[in-house]
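Breakdown of the fold
One-letter residues, chain by chain:
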Amino acid sequence: MTLAKDDVLLKLGKVIALGLQALCVMGGGGFFLLIVFVTLLSQGMLPGPVDANALPDVTRYPLLTAGIGVTIMANFAVMFFFFGKMRALIETASKGDPFIPDNAQRLNAMAWLLLGSQVLTVLVGELRVFNMSLIDPQSENTFDISPGDLTGFLIVLVLFILARVFRHGAAMREDLDGTV
Amino acid sequence: MPPVNDDLEGARIMVKLDDLLHARRMTLTELAERVGLTLANLSILKTGKAKAIRFSTLAAICRELECQPGDLLGYKADEA
């Protein structure tokens, strides 16, 4: 079975994945600059307020803020690789031969990457709540996970299952090759 | 008579398509048209590169060449 090379959905998927990779680069770069800025500002290495109380809240605990920033950057990096795998997957589908062992490995890697991203997202939330509780101990900051937030974990499960389906499909495809 | 399945521990399935075509004075292209297979696929079978053959393919070839599956395929154990 050969898929049409001009499949609109696949083309759209490729463009979206590429766009999201670009956003990951921009987001990661933005957070890197923010971390540098916060660090320099908190160390008084930038012209600005020297009184600690006059600093923006987020810079009051620079190490924690930098930690949040690094975690978010790591999340962007993880998602960059995720969308890279997704692009490669779409590429094979548009060439009409998606049932190959490489795609099973790609889906498996995508599942692990998304799982990592989900864990990092939870970590960012917890760190942010911790930071806010340090800034304002009186406030009641909580990081709640609603059932809707579990969608990501559900997709991870689906990806792991799809990886196995593709592994089986690739094996079947290999059997079919050379059958007349 | 090219052997196929040479990865199966010495087992050899011989495809005698060349001999049958020669005996019936038929070309591979002609047979491909009659059985509805591509010339490339039939060539894979003829040269012994096929890993498997469908019963439908076997039946179509036997029908067109007026032979039995045994006339087309043979088994030879590896002597080495």
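Residues numbered from 1 in each chain as written. Chains lettered and ligands numbered in written order. Predicted model: local features only at pLDDT ≥ 70, side-chain atom pairs only at ≥ 80, totals over all residues. Heavy atoms only, no water.

1. Digging into unusual backbone geometry
All names here are of chain B. We note that Arg25 has phi near 50°; this positive angle belongs to a residue other than glycine. Within the secondary structure, Arg25 sits in the loop between helix H1 (17-23) and helix H2 (28-35). Classification of Arg25 by relative accessible area gives exposed; the value is 71%. Phi is positive for Glu66, close to 50°, though the residue is something other than glycine. Here Glu66 shows up in the loop between helix H4 (55-65) and helix H5 (69-72). (Helix = DSSP H or I, 4+ residues; strand = E, 2+ residues; numbered from the N terminus. Buried < 20%, exposed > 50% of the residue type's maximum accessible area, 1.4 Å probe, protein only.)

2. Regarding the state of the cysteines
All names here are of chain B. Applying the stated criterion to the full structure yields zero disulfides over all chains. Left without a disulfide partner, Cys67 is nearest to the cysteine sulfur of Cys62, which lies 4.1 Å away. For Cys67, a relative accessible area of 8% corresponds to the buried category. (Disulfide = S-S within 2.5 Å.)

3. What about the environment of Ile68(A)?
Residues and elements named next belong to chain A. Assignment of secondary structure puts Ile68 in helix H2 (residues 62-94). Along the backbone, Ile68 and Ala22 are 46 residues apart, and their C-alpha atoms lie at a distance of 21 Å. With residues up to four places along the chain from it excluded, the contact list for Ile68 reads Val124, Leu127, Arg128 and Asn131. (Contact = heavy atoms within 4.5 Å.)

4. Some points on the nonpolar core
Counting residues in hydrophobic clusters, the biggest one holds 21 residues, and the most contacted among them are Leu17(B), Leu21(B), Leu31(B), Leu42(B), Leu45(B), Ile61(B) and Leu65(B). Of all elements in the fold, only H1, H2, helix H3 (39-46) and H4 of chain B reach the threshold of two or more residues within this core. Tallying contributions element by element places H4(B) first for this core, with five residues. Every residue in contact with Leu42(B), bar those within four places of it in the chain, is listed here: Leu17(B), Leu28(B), Leu31(B), Ala32(B), Leu37(B) and Ile61(B). Listed in part, the 18 residues of the second largest apolar core include Met79(A), Ala111(A), Leu113(A) and Leu114(A). (Core = buried A, V, L, I, M, F, W, Y, C linked by side-chain atoms within 4.5 Å.)

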